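Secondary and tertiary structure notes
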Amino acid sequence: MSAETFDLIVIGAGPGGYVAAIRASQLGMKVALIEERATLGGVCTNEGCIPSKALLDSSEHFALARDKFALHGIVIEPPQLDLARMISRKDEVVKKNTDGIAFLCKKNGITTISGRGRLAGQSNDLQTVGVTSDSGEQLLTGRRVLLATGSRAVELPFLPFDGETVVSAREALAFRTVPEHLVVIGAGFIGLELGSVWRRLGAEVTVIETLAKPLPTMDGQAADGLLRSLKKQGLKFLLETAVQSAVVANGRVTLTVSGLSGEAQIVCDRVLVAVGRKPLTDGLGLAEAGIALDERGRVIVDEDYQTGAKGIYAIGDLIAGPMLAHKASEEGVVFAERLQGELSRVEYEYLPGVCYTWPEAASVGKTEEELKNAGIDYNSGKFSFLANGRARCMDETDGFVKILANKDNGRILGIHIVGPRASDLIAEAVTAMTFGATAEDLAMTFHAHPTLAEAIKEAALDVMKRAVHA
Ligand code: NAI
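Remember, it's a predicted structure, so these values are computed and weren't measured experimentally.

Some thoughts on the overall build of the chain
- Each helix and strand counted, the chain has 13 helices and 22 strands in total.
- Its C-alpha atoms give the chain a radius of gyration of 24 Å, within 12% of the compact-globule value 23 Å for 470 residues.
- Seen through its principal axes, the chain has C-alpha atoms that stretch 65 × 60 × 45 Å.
- About 21500 Å² of surface is accessible on the chain, with carbon and sulfur atoms providing 52% of the total.
- Charged side chains of the chain number 49 positive and 59 negative; the gap between the two group centres comes to 2 Å.

Let's talk about the site of the ligand
- Inspection of the region around the ligand gives 21 residues, with Ile190, Glu193, Glu209, Gly276 and Val354 positioned closest.
- Glutamate 193 places a side-chain nitrogen or oxygen 2.8 Å from a nitrogen atom of the ligand.
- Between the ligand and glutamate 209 there is a distance of 2.6 Å, counted from an oxygen atom to a side-chain nitrogen or oxygen.
- Starting from 840 Å² of accessible surface for the ligand in isolation, the protein chains cover 78%.
- At three residues, helix 6 (residues 189-200) tops the list of elements feeding residues into the shell around the ligand.
- Each residue belonging to the shell around the ligand can be placed in one class, and the counts come to 14 nonpolar, four polar and three charged.

Quick word on the pattern of salt bridges
- In total, this model carries 29 salt bridges according to the counting rule given.
- Of the charged contacts, one joins arginine 116 and glutamate 36 as a salt bridge, the two residues approaching to 2.9 Å between their closest N and O atoms. Residue arginine 116 is located in strand 4 (residues 116-123), and its partner glutamate 36 is located in the loop between strand 2 (31-35) and helix 2 (42-47); the two are separated by 80 residues in the primary sequence.
- The partner of glutamate 193 in a salt bridge is lysine 53, with the nearest N and O atoms 2.8 Å apart. With a gap of 140 residues between them, glutamate 193 in helix 6 and lysine 53 in helix 3 (residues 49-67) connect regions that are remote in the sequence.
- Judged by its relative accessible area of 7%, glutamate 193 falls in the buried class.

Things to note about the nonpolar core
- In terms of nonpolar packing, the biggest core is built from 47 residues, with Leu147 and Phe335 touching the most fellow members.
- With six residues, the top contributor of residues to this core is helix 1 (residues 17-26).
- Leave out the neighbours within four places in its chain, and phenylalanine 335 touches Leu8, Ala20, Leu146, Asp304, Tyr305, Tyr313 and Ile315.
- In this structure, Val167, Ala169, Leu182 and Leu227 belong to the second largest nonpolar core, which totals 36 residues.

Regarding the sheet that holds strand 19 (residues 360-365)
- Across the sheet, five strands lie side by side as 18-19-22-21-20; this open sheet has antiparallel pairing. Of all strands in the sheet, those bounded by a partner on one side alone are strand 18 (353-355) and strand 20 (378-384). Sheet twist, expressed as the mean angle between neighbouring strand axes with direction ignored, is 10°.
- Bridge analysis of strand 21 (residues 400-406) against strand 22 (residues 412-419) gives six bridges, and the strand direction is antiparallel. Residue pairing across strands places phenylalanine 400 opposite valine 418, the latter belonging to strand 22.
- Taken strand by strand, helix 11 (residues 422-434) contacts strand 18, strand 19 and strand 22, and its axis lies near 10° from that of strand 19.

Examining helix 1
- Within helix 1, nine of the ten residues are buried, which leaves the element mostly enclosed by the surrounding structure.
- Taken residue by residue, helix 1 has Gly17, Tyr18, Val19, Ala20, Ala21, Ile22, Arg23, Ala24 and Ser25 as its buried positions.
- On its buried side, helix 1 packs onto strand 1 (5-11), strand 2, helix 4 (83-107), strand 6 (136-147) and helix 8 (325-339).
- Two residues or fewer past helix 1, glycine 28 is found with a positive phi of approximately 100°.

A word on the packing of aromatic side chains
- A complete count under the given rule lists two aromatic pairs for this structure.
- On the numbers, 5.3 Å between centres and 50° between planes, the contact of phenylalanine 175 with tryptophan 198 is tilted. Pair noted here: phenylalanine 175 is in the loop between helix 5 (169-172) and strand 9 (181-185) and tryptophan 198 is in helix 6, with a separation of 23 residues, a long-range link.
- For tryptophan 198, a relative accessible area of 0% puts it in the buried group.
- Against the face of phenylalanine 6 rests lysine 30, its NZ or CZ located 5.9 Å from the ring centre.
- Lying across the ring of phenylalanine 400, lysine 382 places its NZ or CZ 4.2 Å from the centre.

A look at the domain arrangement of the chain
- Per the domain assignment, the segments making up the chain are domain 1 (5-152 + 278-348), domain 2 (166-275) and domain 3 (359-463).
- Relative placement of domain 2 and domain 3: their C-alpha centres are 29 Å apart.
- Summed over both sides, the interface of domain 2 with domain 3 buries roughly 980 Å², with 54% coming from carbon and sulfur.
- When residues of domain 2 are sorted by the area they lose upon contact with domain 3, Met218, Asp219 and Gln221 head the list and together hold 49% of the total.

Notes on helix 6
- With twelve residues, helix 6 ought to run about 16 Å at 1.5 Å a step, and its terminal C-alpha atoms sit 17 Å apart, in line with that.
- Listed as buried for helix 6 are Gly191, Leu192, Glu193, Leu194, Gly195, Ser196, Val197, Trp198 and Arg200.
- Just beyond helix 6, the residue with positive phi is glycine 202, at close to 115°.

Comments concerning the sheet that holds strand 14 (residues 262-268)
- As summarised here, the arrangement of the three strands in space is 12-13-14, forming an open sheet in which the pairing is antiparallel. Whereas interior strands pair on both sides, the edge strands pair on one side only; in this sheet they are strand 12 (242-249) and strand 14. On average, each strand axis in the sheet is tilted by 15° relative to the strand beside it, whichever way the strands run.
- Sheet topology places strand 13 (residues 252-259) next to strand 14; seven bridges connect them, and they run antiparallel. Note on strand 14: the bridge partner recorded for threonine 254 is valine 267.

Regarding the side chain of glutamine 306
- The topology assignment puts glutamine 306 in the loop between strand 16 (277-279) and strand 17 (312-314).
- Owing to a relative accessible area of 18%, glutamine 306 belongs among the buried residues under this scheme.
- Of the polar contacts made by the side chain of glutamine 306, one reaches the side chain of tyrosine 313; its length is 3.5 Å.

The rules we used
Residues numbered from 1 in each chain as written. Predicted model: local features only at pLDDT ≥ 70, side-chain atom pairs only at ≥ 80, totals over all residues. Heavy atoms only, no water. Helix = DSSP H or I, 4+ residues; strand = E, 2+ residues; numbered from the N terminus. Rg over C-alpha atoms; globule rule 2.2 N^0.38 Å. Areas by Shrake-Rupley, 256 points an atom, 1.4 Å probe, with all protein chains shown as cover. Lys, Arg positive; Asp, Glu negative; His and termini not counted. Charge placed at Lys NZ, Arg CZ, Asp CG, Glu CD. Near = heavy atom within 4 Å. Polar contact = N/O pair within 3.5 Å; in protein donor to acceptor, adjacent residues only side chain to side chain. Nonpolar A, V, L, I, M, F, W, Y, C, P; charged D, E, K, R; others polar. Salt bridge = Lys/Arg side-chain N within 4 Å of Asp/Glu carboxyl O. Buried < 20%, exposed > 50% of the residue type's maximum accessible area, 1.4 Å probe, protein only. Core = buried A, V, L, I, M, F, W, Y, C linked by side-chain atoms within 4.5 Å. Contact = heavy atoms within 4.5 Å. Pairing = 2+ DSSP bridges. Axes fitted to C-alpha atoms, helices over the stretch in contact; angles between N-to-C directions. Phe/Tyr/Trp six-rings, centres within 6.5 Å; stacked < 30°, edge-to-face > 60°. Lys NZ or Arg CZ within 6 Å of the ring centre and 35° of its normal. Domains from an automatic or database assignment. Buried area = accessible area lost by both parts, 1.4 Å probe. Expected span 1.5 Å × (residues − 1).

Encoded structure:
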């Protein structure tokens, strides 16, 4: 047993855990951070958000050079793909980020410990955590433990991952060759982003989704807009379609699907299963510690993120709510501040979601469907990027900004953007909503010309039916 007693032991160094560790350390706590991966940063940095965005950017450059340069008067030989270089650049980007996180943890005086952590007992208000590594198990003592172990990809029972032909996002970020035909099961965030990457690089891509629209949590109009754009790029969609069975043989997969037009067979060389993720709670010793899970296997916590066991806390993908890195990080900060008695809280109402396709789709607040179901009266304003000067300069006119505002007091209830750089534009929407802005507030605010952000101002004006350039 280590002689030290930590104020906080964090298990899992993803965007929830390492951010909580840094904030706790800033607040004066002595912190240990346990991670079983060789590098810090969790799924997000190692095999999720960061590498997927690196490949999205690279593949976008390739597609621009191939499909759009001529339009801008740039004539080049047809570009050639050096996939090995593209993948190794992505790995370099990941390394810079994981190194950066290690540097931050060191700078903040955090003790990082390599190994797999588990709850190993509690006495006199002190927690014991076991850390298993190649050199055996060491025991740590701490006043509090934060569980931040994240989630893992859900497997389909009849189509288990094999790491080569039937894969999760992790392997789809590192294919050594461009698939001939990639079937993506699940039109969620991962399916659309990685389907886009491989389509841009030349694969035939078919996306199979059980529901009627992609991105089921997005505003319906926004999902329809994105679907139109992705179809134009050549992605094929089989919506309201279920995969019944699969046969994997000799590097090919034959899927039997049933959908709107009956039963059919699809043959492909790679299947990406992206039907969601589930909390990673195995082997943590939760049951022994008396920690309850809900019906979806998520750790139940109170407003301080404390589990049913005193002194043990959980955040991020382990608990309820969207599995998003920025949610986990914010929870990490708020958890640490509340431990110190501060009145911090996560503004879940204003949690943005972004799908990094091209065009991108980003949203915050209520969808039109949610407002209708809740019987809330609203006014809606919409502005197309077709009428935005900057989008025309870029030749990126697909998409729109849509603003939903309370009919009684004008307060903004939701903003949904499909369009170029929606991921950056949504920040204005989040700020406006967090500060309780009305559509009129946004409409009265200067927006530099010519910028994509002017579409937000015009959509806000359109809520009052005053858009100038519509
Ligand atoms: P998801 O929950 O975003 O989407 C899963 C999709 O699969 C849904 O549309 C669902 O209706 C569909 N589906 C479920 N079972 C199916 C089946 N048997 N056949 C066909 N379709 C089926 O899950 P995804 O894309 O796997 O992402 C996992 C998590 O990671 C999500 O919670 C997401 O928020 C997060 N993530 C976020 C990203 C972002 O913010 N840009 C990027 C990647 C992941």
